[in-house]
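Fold and contact review
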Protein chains: 2
Amino acid sequence: MQDNQADKNIQEIFEELLSSKRFQYLKTVLMDLHPADIAEALQKMDPENVMAVIRQMDTETAARVFLEIDPPFRKVLFQKLDDQTAVDLVLSMDSDDAADVIGELEPDKAEKILGGMPFEEFREVKTLLRHDEETAGGIMALEVVAMPETLSARDALKELRRQAEDLEDVYNIYAVDHSGVLKGVVSLKELVLASPKKSLNEFMDKEPVAIHTKMDQEEVANIFKKYDLASAPVVDEHNRLAGRITFDDIMDVAEEEASEDIALMAGITDEKIHGQSIWRISSVRLPWLMVAFIGEMVSALVMSRFHASLERVLAAAFFIPLMMAMGGNVGIQSATVVIRGLAVGDIGIKDTMPRLLREILGAMLNGLIIACILVTIVTFWQNEFRFGLVLGVSLILVIINAALFGTLVPFVLKMAGVDPAIATGPFITTSNDILGLMVYFGMVALFLPKVM
Amino acid sequence: MQDNQADKNIQEIFEELLSSKRFQYLKTVLMDLHPADIAEALQKMDPENVMAVIRQMDTETAARVFLEIDPPFRKVLFQKLDDQTAVDLVLSMDSDDAADVIGELEPDKAEKILGGMPFEEFREVKTLLRHDEETAGGIMALEVVAMPETLSARDALKELRRQAEDLEDVYNIYAVDHSGVLKGVVSLKELVLASPKKSLNEFMDKEPVAIHTKMDQEEVANIFKKYDLASAPVVDEHNRLAGRITFDDIMDVAEEEASEDIALMAGITDEKIHGQSIWRISSVRLPWLMVAFIGEMVSALVMSRFHASLERVLAAAFFIPLMMAMGGNVGIQSATVVIRGLAVGDIGIKDTMPRLLREILGAMLNGLIIACILVTIVTFWQNEFRFGLVLGVSLILVIINAALFGTLVPFVLKMAGVDPAIATGPFITTSNDILGLMVYFGMVALFLPKVM
């Protein structure tokens, strides 16, 4: 059921069964499919048909399918559900998923659903909604298996059977004291293998990796990757167990953060990198193009100041693309290494100076190599060694400038609390263009009259 | 232990304890630390000191620390280990990790280690080394908990206790028939909650998501994300259980693939995005800069052909940066959306035509908006409406051309089996520059003599 062909078939089967009104058969088909596959097929159908399919599922399955549907489409579908069905669906979700779904709805629809929920679940979701979406508190689930640390392994297994019935997955058991403070973690495997009479505090991990509710989700993801965690407890400021985060939340975070970085680096506004409609394609990109447009108009203005030099040595214009491209490429290379390093945690702000030094030396080396080739080519082509020399020196300066700019800007952005990924976007590359052209034409204006 | 300050302290503590030869205290400190934290501190120390620290650990801990160290440094350290210690280390690792470590060593060191291993482990590692590193077979571990599907839950738990002692983590139990064919999967939680007398085939998932040994790791990662899997069985061509992949392998894959994509997009050769030495910084980037250099020399050649037009209307040179930047930004935007979509599985090859159409229409819209602004500005600035018009029309053509190119190339590369991420790298952006400049100067040469 994993390739596109199969998806297409599922969609076709749904539509055929709907149009022939064979609902009983549709029910059977739905029971055999994985919610993720159902969701993938539904995303390509129109909302009316989707609603008709959803009506054939039990609440449990429908809830799981809804969680796999992309948020914008999910919002459309929720708007069409009657309030009671919406409440039932949300109640079959884990608290974190319920909070995510409710958080993305129109305020009045969200209020209606919250109003229809039992007090306990209402309180849970409200608690979660208070956390910033991009922190540990925003991605954690409140459903945890927690028990006193003094329980024996045998009793813990019994208690687990009682608590775990409603939980989708269990990886760890959390041991807490009477006021809910986290004392230790036991993995399910350890619990199963433990001798029945041992109490939890005899074999639990007493210094588990604990995540604070306010921690940024990117940092949480880095901790999960560093320690290869399947699941980790989240604690509040008094070290009380507040919830848990599992690896699947982290995979979503990692993909989201990578997509966000890639989008920013390419100059596309929006976390969701795939614009669907033409209007959307246009609107998420136009702002960045306008930035580049304004910048390059400044470039034009800079160049018009040098029109006297340009008139005298028209060939200087031929090498504008070269200067821009070399500066642009070097800037993006340097910036990308720093951005990615900062994102995955391999580089910290303390690395600024050594990194800067290495990047500039590396850029100088490459600049020197390419400048030598350039001088040789231009000397033969234009029959002008001195012109070639001016070009070569300009190229080295442009490259060093770009490396410096490309390395420094991500660090400065990080220190200022801005996502460094923006540094390879149009704003910085355009500034780099203007600076590079000023260096180039400055050199041309300064030295060409003297050498030619 | 998670921030840079703490890492620095660990490193300092190690070095202090080494220089004062307080090895017993060092041993105690090591026991309290997480292997990932030890590895992070060791990476900043020189190899001699690292070896001295490693000698204070038990084999189990040392093996876990080694797995957290970056491969290039790990290779250096392994080269310094005597053969017996190296064999012991490798034997305490899971088979997949052992194969990874051995696979990255010098051939003669690898042979020596393999020669020192017991036959069973030797055979396992050899089997794994045969698989392509970037396939499911290359990232799976051979250690699985497998048992007959006819076992009762009670007996399965007993069998699990017997098999699981040596395993780091257990998420699923795999039910197989007498010839090893995978029949079903039971999660540890389901097994614990099942009533003791039920046999596995009464409650196991009989249609588990199974991954073929030859499947590409990027595809495996997409399946894990789609179905939120903690662990999945890997089967051979006869559907026999060959191993298992766990979410932590997948997180590594996802990060690796994202870094690889980002590196390629920025024009940096090598999977590992962080170059350490200046020579390395230079060598992984120079090839791409040479590509850009050659391309932009072609641009220079193209422009020299148009020198007559350029002499007549020098102002045309002022707008070279604008044309290049707009074409470049639009091309990267379109390409990035397609590349990322192809990588995370949101876009398939069948989407080529509709995507192309939408991208071009979106680009036309943005081109039109920016061109109108350009015409207005140039008309006032240069006092030349007709020149502005030529510029405006050129800009629209350059933008459409870039969108077409940026969208189409990733699809073509994907079909040709090349990583589409390369499409925003220097090769394509440079081609885009040349094409864009040809369009621009073609328009200038064609229409300017007529209008001015």
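A quick note: this is a predicted structure, and the numbers were derived from the prediction, not measured. (Residues numbered from 1 in each chain as written. Chains lettered and ligands numbered in written order. Predicted model: local features only at pLDDT ≥ 70, side-chain atom pairs only at ≥ 80, totals over all residues. Heavy atoms only, no water.)

**What about the relation of the copies chain B and chain A?**
Put simply, the second copy of the chain is the first one after a rotation about an axis and a shift along it. Placing chain B over chain A gives an RMSD of 0.1 Å and needs a rotation angle of 180°, together with 0.0 Å of translation along the axis. Taken together, the rotation and translation describe the operation of a two-fold axis. When the interface residues of chain B are mapped onto chain A, 100% of them are again interface residues, pointing to one common binding face. (Least-squares fit on C-alpha atoms with pLDDT ≥ 70 in both. Contact = heavy atoms within 4.5 Å.)

**Details of the pairing of strand E3 (residues 182–187) of chain A**
Residue and element names in this part refer to chain A. The pairing of strand E2 (residues 172–176) with E3 spans five bridges and is classified as antiparallel. Paired with Ile173 across the strands is Val186, a residue of E3. The hairpin formed by E2 and E3 contains five residues between the paired strands, and Gly180 there has a positive phi angle of roughly 85°. (Pairing = 2+ DSSP bridges. Helix = DSSP H or I, 4+ residues; strand = E, 2+ residues; numbered from the N terminus.)

**Concerning the sheet that holds strand E1 (residues 146–148) of chain A**
Residue and element names in this part refer to chain A. Taking strand neighbours across the sheet as the criterion, the three strands line up as E1-E2-E3 in an open arrangement whose pairing is mixed. What marks the edges here is a single partner per strand, and that holds for E1 and E3. On average, each strand axis in the sheet is tilted by 35° relative to the strand beside it, whichever way the strands run. Pairing analysis gives three bridges linking E1 to E2, with the strands arranged parallel. Within E2, the residue paired with Ala146 across the bridge is Tyr174. Along the sheet face, helix H12 (residues 153–164) touches E1 and E2 and points at about 150° away from the line of E1. (Axes fitted to C-alpha atoms, helices over the stretch in contact; angles between N-to-C directions.)

**So, helix H17 (residues 278–305) of chain A**
Helix length check: H17 of chain A (28 residues) gives 39 Å between terminal C-alpha atoms against 40 Å at 1.5 Å per residue, within 8%. When the local axis directions of H17 of chain A are compared, the greatest deviation, roughly 40°, occurs at Leu286 of chain A, which is followed within four positions by the proline Pro287 of chain A. (Expected span 1.5 Å × (residues − 1). Bend = angle between axes of the 7 residues up to and from the residue.)

**What about the layout of surface pockets?**
All names here are of chain B. Its boundaries defined by the atoms lining it, the second largest pocket holds a volume of some 400 Å³. Lining the second largest pocket are 19 residues, and of these Ser95, Glu121, Glu124, Glu143 and Leu167 sit closest to its centre. Listing elements by their share of the lining of the second largest pocket, those giving two or more residues are helix H7 (83–91), helix H8 (95–103), helix H10 (119–130) and strand E6 (241–246). At four residues, the largest contribution of residues to the lining of the second largest pocket is made by H10. In the lining of the second largest pocket, the residues fall into 10 nonpolar, three polar and six charged. Composition of the lining of the second largest pocket by domain shows at least three residues from each of domain 1 (4–136) and domain 2 (146–246). (1 Å grid on protein atoms, 1.4 Å probe; cavity = no way out; pocket = protein on both sides within 12 Å on 5 of 7 lines; lining within 4 Å. Points joined across faces, edges and corners; volume = space filled by probe spheres on them. Nonpolar A, V, L, I, M, F, W, Y, C, P; charged D, E, K, R; others polar. Domains from an automatic or database assignment.)

**Notes on the packing of helix H21 (residues 352–381) of chain A against helix H17 (residues 278–305) of chain B**
Where H21 of chain A meets H17 of chain B, the axes come as close as 9 Å, and the angle between the chain directions of the two elements is 35°. By crossing handedness, the relation of H21 of chain A to H17 of chain B is classed as right-handed. Counted by class, the contact of H21 of chain A with H17 of chain B contains 18 nonpolar, four polar and four charged residues. (Left-handed = near helix turned anticlockwise from the far one by under 90°.)

**Re the environment of Thr429 of chain A**
Looking at the secondary structure, you find Thr429 of chain A in helix H23 (residues 426–451). The sequence separation of Thr429 of chain A and Met324 of chain A amounts to 105 residues, and the corresponding C-alpha distance is 9.7 Å.

**Notes on the sheet that holds strand E1 (residues 146–148) of chain B**
All names here are of chain B. Taken together, the three strands give an open sheet; going across it, the order is E1-E2-E3, and neighbouring strands pair in mixed fashion. Lying at the two open borders of the sheet, with one neighbouring strand each, are E1 and strand E3 (182–187). Shown here is a sheet whose adjacent strand axes are inclined to one another by a mean of 35°, direction ignored. Those strands touched by helix H12 (residues 153–164) are E1 and strand E2 (172–176), and its axis lies near 150° from that of E1.

**Looking at the side chain of Gln217 of chain A**
As for its placement among the helices and strands, Gln217 of chain A is situated in helix H15 (residues 217–227). Once you skip the residues sitting within four places of it in the chain, Gln217 of chain A turns out to touch Glu133, Glu134, Thr135, Ile139, Val253, Glu256 and Glu257 of chain A.

**What about empty space enclosed by the protein?**
Per the stated rule, a full pass over the model turns up 10 cavities of 30 Å³ or more. When its volume is computed, the largest cavity comes out at roughly 560 Å³. Residue lining of the largest cavity: 31 residues in total, with Gly328, Ile332 and Thr429 of chain A together with Ile332 and Thr429 of chain B positioned closest to the centre. Contributing elements (two or more residues each) for the lining of the largest cavity: helix H16 (247–266), helix H20 (320–344) and H23 of chain A together with helix H16 (247–266), helix H20 (320–344) and helix H23 (426–451) of chain B. Taken as a whole, the second largest cavity encloses approximately 340 Å³ of empty space. Elements represented by at least two residues in the lining of the second largest cavity include exactly H15, H16 and H20 of chain A together with helix H15 (217–227), H16 and H20 of chain B.

**Description of the nonpolar core**
Phe14, Leu42 and Phe78 of chain A together with Phe14, Leu42 and Phe78 of chain B are the most contacted members of the largest nonpolar core, which totals 133 residues. Counting 81 residues, the second-largest nonpolar core is a separate cluster that includes Met323 and Ala363 of chain A together with Phe306 and Ile434 of chain B. (Core = buried A, V, L, I, M, F, W, Y, C linked by side-chain atoms within 4.5 Å. Buried < 20%, exposed > 50% of the residue type's maximum accessible area, 1.4 Å probe, protein only.)

**Some thoughts on the domain arrangement of chain A**
Residues and elements named next belong to chain A. One can read the domain layout of chain A as domain 1 (4–134), domain 2 (146–245) and domain 3 (278–451). If you average the C-alpha positions of domain 1 and of domain 2, the two centres end up 30 Å apart. Taken together, the contact between domain 1 and domain 2 spans five residues of the former and six residues of the latter. Per-residue buried area on domain 1 facing domain 2 is highest for Asp94, His131 and Glu134; these three make up 80% of the total on that side. Scanning the region where domain 1 abuts domain 2 turns up zero salt bridges. (Buried area = accessible area lost by both parts, 1.4 Å probe. Salt bridge = Lys/Arg side-chain N within 4 Å of Asp/Glu carboxyl O.)

**Observations regarding the pattern of salt bridges**
Inspection of the entire model under this criterion finds 24 salt bridges over all chains. Here Glu120 of chain A and Arg123 of chain A are joined by a salt bridge, their closest N and O atoms 3.2 Å apart. One end of the pair is Glu120 of chain A and the other is Arg123 of chain A, both in helix H10 (residues 119–130) and three residues apart, which spans about a single turn. Here Glu48 of chain B makes a salt bridge to Lys80 of chain B, at a shortest N to O gap of 3.2 Å. Note that Glu48 of chain B is positioned in helix H4 (residues 47–54) and Lys80 of chain B in helix H6 (residues 71–80), a separation of 32 residues in sequence.

**So, the interface of chain B and chain A**
You'll often see interface size given as the accessible area lost when the parts meet. Each side of the interface is counted separately: chain B has 108 residues, and chain A has 109 residues. With both chains or domains summed, chain B and chain A bury close to 9800 Å², and 70% of this area falls on carbon and sulfur atoms. Along the contact surface separating chain B from chain A lie six salt bridges. Linking chain B with chain A are 10 residue pairs in polar contact (both at pLDDT 80 or more), by the criterion used here. Among the elements that line the side of chain B that touches chain A, the one with the most residues is H17 of chain B, at 18 residues. (Polar contact = N/O pair within 3.5 Å; in protein donor to acceptor, adjacent residues only side chain to side chain.)

**Remarks on the packing of aromatic side chains**
This model, assessed by the stated rule, comprises 16 aromatic pairs over all chains. Ring geometry for Phe119 of chain A versus Phe122 of chain A: centroids 6.4 Å apart, planes at 35°, classification tilted. One end of the pair, Phe119 of chain A, and the other, Phe122 of chain A, are both in helix H10, three residues apart, so they sit about a helical turn from each other. Overall, the relative accessible area of 60% leaves Phe119 of chain A in the exposed class. An aromatic cluster is present here, built from Tyr171 and Phe247 of chain A together with Tyr171 and Phe247 of chain B joined pairwise through their rings. (Phe/Tyr/Trp six-rings, centres within 6.5 Å; stacked < 30°, edge-to-face > 60°.)

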